[in-house]
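# Topology and contacts: notes
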Amino acid sequence: MAQPITSRYEFLYLFDCENGNPNGDPDAGNAPRIDPEDLHGLVSDVAIKRRIRNYVQIAKNNTMPYAIFVEHACNLNKHIARAHEEANGKLPDSSGAKKDEVEKARKWLCDNFFDVRAFGAVMSTGPNAGQVRGPVQVTFARSLDPVLPLEISITRMAVAEDVRGAKSWKDYENWEKEQKEDELRTMGRKSLIPYGLYLGKGFISAHLAEQTGFNTDDLRLLFEAILGMFEHDRSASKGVMTVRTPVFVLKHVGTDSDPEQRKRQAMLGCAPAQVLFEEIVEVRRKEGVTVPRSFKDYEVIVHEDKIPRGTQLLRLPEDMDKLT
């Protein structure tokens, strides 16, 4: 397996949603998430990581060392139990796992599960494999402008009635023939926004990567997943969602002439993360646009003169080979 990454990274990505629900809020009837103060749209970090996991799962066939720990509809204790069996030869006894057993199980999970190496995980349930703090962290994505959540009424030209006493499909058919046509359809509602351009931010720690084994191959797979995370997540409810290229990545490389000192600088970083988010990349509506309805209504401006010494600005996917 490749070596853990040796540089700190920050990244910024843009994605938009057209006539869909980018992230429903279960506490609001699955309506699109919004900031109630300014009505800007929100997409949770959990939703972003779910789509990254889904991409990796299909790209790598959910096989180790790129398996997914937090699978859809699974019992996490299954993986934790397997980690103990593989790393320690058995499950912990009734007194609980010893410290060295927990550490071996934790390392086995890091070695074999991409999302544990990347995002970390709480694995102290069940047989107990401790906790892992992941080097890759993403924030809530936020729309550049306010979004307008809509509730659209829809009609399904059929019903799914549970016919009491039915013993065969013919009983369902006979019941259907006895109904009025208007009673054989149902009404529903669909939540969406007409359009929203969202900005997401992320951070990658080289020091935490050393602890989990997050390596250069994982790094490239992570950004491959970000670039393609909506391409295999299509549904009528999501509308049209697209990651807009390039994805901007600030790589810290150091400035010192001494190789060892420059390596330490690259791991620690040579500038605050906000330099990328607030100074280098600027996204704004084009002049004259009051209600944006497409990505063409925005312009992305890169201030090359704001790139700090000791860093490189990468544009993905073009600069994918410069991720180390």
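Thresholds, definitions, all that
Residues numbered from 1 in each chain as written. Predicted model: local features only at pLDDT ≥ 70, side-chain atom pairs only at ≥ 80, totals over all residues. Heavy atoms only, no water. Axes fitted to C-alpha atoms, helices over the stretch in contact; angles between N-to-C directions. Helix = DSSP H or I, 4+ residues; strand = E, 2+ residues; numbered from the N terminus. Parallel < 35°, antiparallel > 145°, perpendicular 65-115°, else oblique. Contact = heavy atoms within 4.5 Å. Nonpolar A, V, L, I, M, F, W, Y, C, P; charged D, E, K, R; others polar. Core = buried A, V, L, I, M, F, W, Y, C linked by side-chain atoms within 4.5 Å. Buried < 20%, exposed > 50% of the residue type's maximum accessible area, 1.4 Å probe, protein only. Salt bridge = Lys/Arg side-chain N within 4 Å of Asp/Glu carboxyl O. Phe/Tyr/Trp six-rings, centres within 6.5 Å; stacked < 30°, edge-to-face > 60°. Lys NZ or Arg CZ within 6 Å of the ring centre and 35° of its normal.

### As for the packing of helix 2 (residues 76-88) against helix 3 (residues 99-112)
- Interaxial distance between helix 2 and helix 3 falls to 8 Å at its minimum, and their mutual angle equals 110°. One element, helix 2, and the other, helix 3, form an angle in the roughly perpendicular class. When helix 2 is examined against helix 3, the residues His79, Arg82, Ala83, His84, Glu86, Ala87 and Asn88 are found in contact with a partner set consisting of Glu101, Val102, Lys104, Ala105, Trp108 and Leu109.
- Looking at the contact of helix 2 with helix 3 residue by residue, the class counts come to six nonpolar, three polar and four charged.

### Observations regarding the nonpolar core
- Membership of the largest hydrophobic core comes to 45 residues, with the highest contact counts inside it found for Phe15, Phe114, Ile204, Phe214 and Phe223.
- At seven residues, helix 7 (residues 216-228) tops the list of elements feeding residues into this core.
- Residues contacting Phe214, with those up to four places away along its chain left out, are Pro4, Ile5, Phe114, Arg117, Ala118, Pro135, Val136, Ile204, Ala209, Leu219 and Leu222.
- Listed in part, the 17 residues of the second largest apolar core include Ala271, Leu276, Tyr298 and Leu313.

### What to know about unusual backbone geometry
- Looking along the chain, the bond that leaves Met64 and enters Pro65 is cis, with omega of 10°.
- Mapped onto the fold, Pro65 is located in the loop between helix 1 (45-59) and helix 2.
- Following Thr245, the chain continues to Pro246 via a peptide bond in cis, the omega torsion being 0°.
- The residue Pro246 is located in strand 11 (residues 240-252) in this model.
- In the Ramachandran plot, Asn62 falls in the positive-phi region, its phi being about 55° despite a non-glycine side chain.
- Topologically, Asn62 is positioned in the loop between helix 1 and helix 2.
- Looking at Asn62, the relative accessible area reads 25%, which means it is partly exposed.
- A positive phi angle, close to 80°, is found at Asn128, a residue other than glycine.

### What about the pattern of salt bridges?
- The final tally for this structure, using the stated rule, is 21 salt bridges.
- Two residues, Asp182 and Arg185, come together in a salt bridge whose shortest N-O distance is 2.8 Å.
- Judged by its relative accessible area of 54%, Asp182 falls in the exposed class.
- Between Glu282 and Arg284 there is a salt bridge, and its shortest N-O distance comes to 3.2 Å.
- A residue is classified by how much of its surface remains accessible, and Glu282, at 27% relative accessible area, is partly exposed.

### Here we look at the packing of aromatic side chains
- According to the stated counting rule, one finds eight aromatic pairs in the structure shown.
- On the numbers, 5.5 Å between centres and 90° between planes, the contact of Phe203 with Phe277 is edge-to-face. Here the residue Phe203 occupies a position in strand 10 (residues 186-204), and Phe277 occupies one in helix 9 (residues 274-280), the gap between them amounting to 74 residues.
- Phe203 gets classed as partly exposed once you look at its relative accessible area, which sits at 29%.
- Among the aromatic residues, those joined into a ring-pair cluster are Phe11, Tyr13, Phe15, Tyr198, Phe223 and Phe230.
- It is Lys49 that lies over the ring of Phe119; its NZ or CZ is 5.5 Å from the centre.
- In this arrangement the basic side chain of Lys60 is found over the ring face of Tyr66, its NZ or CZ atom lying 4.8 Å from the centre.

### Regarding the packing of helix 1 against helix 7
- One way to put it is that helix 1 packs onto helix 7 with a least axis distance of 9 Å and a crossing angle of 110°. By the angle between their directions, the pair helix 1 and helix 7 is classed as roughly perpendicular. Contacts between helix 1 and helix 7 involve Ile52, Tyr55 and Val56 on the former and, on the latter, Leu221, Leu222, Glu224, Ala225, Ile226 and Gly228.
- Residues of the contact of helix 1 with helix 7, tallied by class, amount to seven nonpolar, one polar and one charged.

What is shown is where atoms sit, not what they do.
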